[in-house]
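One-letter residues, chain by chain:
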Amino acid sequence: MNITIQKGDIAAFEADLLVIGMFENAKGLDGVAGVVDKALGGLLAKELKVVGFAGKEGTMLIFHTHGKIPTSRIMLIGLGEPAHCSLETVRKAAAIVQKKAVDLHQRRIASVLFAVGVQGISAKDAGRAIAEGVALAAYQYDKYHDEKAKKREEHGVQEWTVVEKLAAHVRTAERGLAEGMLGARGTILARDLVNEPASIATPWHLVEHAKRIADEQRHVSVEIFDREEAKKRGMEAFLAVAAGATEEPYFMHLIYKPKGAKKRIALVGKGITFDSGGLQIKPGEYMTTMKCDMAGAAAVLGVFSVLGAVAPAVEVHGIIAATENMPGKSAYKPGDVVRAMNGKTIEIGHTDAEGRVTLADALSYAVTKKPDVIIDLATLTGACVSALGEEIAGIMSNDEKLSARLRAAAKESGERLWELPLASEYASLVKSDIADLKNISSSRYGGAITAGLFLQNFVDKNIPWAHMDIAGPAFAERDTVPYMPRGGTGYAVRMLLQYLKSF
Ligand code: BES
Ligand code: ZN
Ligand code: ZN
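Residues numbered from 1 in each chain as written. Chains lettered and ligands numbered in written order. Predicted model: local features only at pLDDT ≥ 70, side-chain atom pairs only at ≥ 80, totals over all residues. Heavy atoms only, no water.

### Some remarks on the site of ligand 1
Not every one of the 16 residues close to ligand 1 is listed here, only the nearest: D275, K282, D293, D352 and G382. Here D352 contributes a side-chain N or O atom positioned 2.9 Å from an oxygen atom of ligand 1. The backbone of T379 places a nitrogen or oxygen atom 3.4 Å from a nitrogen atom of ligand 1. When ligand 1 is considered free in solution it has 520 Å² of accessible area, and contact with the protein chains removes 76% of it. For the shell around ligand 1, a count of residues per class yields five nonpolar, four polar and seven charged. (Near = heavy atom within 4 Å. Polar contact = N/O pair within 3.5 Å; in protein donor to acceptor, adjacent residues only side chain to side chain. Areas by Shrake-Rupley, 256 points an atom, 1.4 Å probe, with all protein chains shown as cover. Nonpolar A, V, L, I, M, F, W, Y, C, P; charged D, E, K, R; others polar.)

Here it is in structure tokens:
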């Protein structure tokens, strides 16, 4: 789909559907709605009165223009109270319109720039939010569903034109639209990778994407280590998890290196392409969605897939240790002890706490690249989902400034993120009698935090580090926000891009 912006008067624009935003209990029709009402000879004001449309958030009104203007249908989309309006309101409004348009077979949409000037929303931000809402709502994973795919082909929105009167707004909103489209593009790659069945989305599949990205994106290169190379580098922890798998494991290191970058950021993604639990196999109902256990890696690849185009002024390293966690005949066992790349030994207390074992090596490797910041993303614990629910990720960090900066980026992108304490009083819960550490806690409580504390052993205390447990929001099992269909959500791609752009 194409999203563009034009300078002009929306009432004079010819499309299948014109879309105007309306705040709750707005007194009279002002702004664009007033202009359109005038063009319609007062028809719009009359209709609003008759049906009692009040502009509540998420509500809409559609009516026919009876040939009085070039477009035959107008949709008013409710934006709620101006005092509660945010970029998320705009994103959701655009998403609701996009979905309704598909239902109604309206293929060419023209909309205003919603909410500019309200709550400090700039034309650029409004443009970005519209592009995100529209492009993310249009996403559908229909590769294996011919009927759905055909419907999308036949009825999907083809063109969305933002029509804006002010030339200055047009110029800045255009930049916003472009940014929004890039963020959506990265998010959609992450969604596709997560949604792809584990039989297809193998470690090698991730490698293929990493290689393609390095080919396509400016300033991006990639290094791949196979099992032998990983062994040479001392990644015994990662390879222990891979021991029970049929698919070959791969370790990936992507590098984005623009000219003149002053800082180096490492993004580490958990890349378990399927988590069966290993020998301590998961009960069926807990295993069904475990193709999503590489969502951290998918987010890293999503970010890299647009980095050349987004062009942040910072060096970025993407690090992924990809393997399945399977109970094959050579599988690692409870009670095994393995040595991670940084020399620390780990007692395996549970084969299903595999993510932190692979991350031990991925983080150790990241440290050797001497980054200024390390951020890891992992569908790490069910405990984090218990604590924060399915839509909010947990963040733990050894650096308050880094955590605040990431939470600010998440606020901008509309991705929910909440801080959990890296409570040193619990650090002893992941100590082992026979090794430096064990991969489960001695307590059944606070599992998201103890997992974070385990990981902390593999980063340097002088390097600002943040760990995001995305087990909840990485995969949507039910419908939530209108631009988030069920399945992989691409969580964190947009916030990370926002963060990287802030350098
Ligand atoms: N991949 C799971 C965590 C998970 C749970 C991700 C739900 C997405 C949704 C992880 O590897 C796991 O199995 N964790 C165990 C740890 C336990 C054995 C200490 C858990 O959370 O139960
Ligand atoms: Zn597991
Ligand atoms: Zn896992």
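There is more to say, and it comes next.
### Examining the pattern of salt bridges
Tallying each qualifying case throughout the model produces 26 salt bridges. Across the salt bridge formed by K124 and E179, the nearest N and O atoms sit 3.0 Å from each other. One end of the pair, K124, is in helix α4 (residues 123-138); the other, E179, is in helix α6 (residues 167-195), and 55 residues separate them in sequence. By relative accessible area, K124 is classed as partly exposed at 26%. Sharing partners across several salt bridges, the network here consists of E88, R91, K124, D125, R128, E132, E179, E412, R494 and K501. (Salt bridge = Lys/Arg side-chain N within 4 Å of Asp/Glu carboxyl O. Helix = DSSP H or I, 4+ residues; strand = E, 2+ residues; numbered from the N terminus. Buried < 20%, exposed > 50% of the residue type's maximum accessible area, 1.4 Å probe, protein only.)

### Overview of helix α7 (residues 203-216)
Taking 1.5 Å per residue, 14 residues should reach 20 Å; α7 reaches 20 Å between its end C-alpha atoms and fits that length. Within α7, burial applies to P203, H205, L206, V207, H209, A210, I213 and A214. The elements touched by buried residues of α7 are α6, β7 (220-225), β8 (250-256), β9 (264-275), α11 (295-310) and β10 (315-325). (Expected span 1.5 Å × (residues − 1). Contact = heavy atoms within 4.5 Å.)

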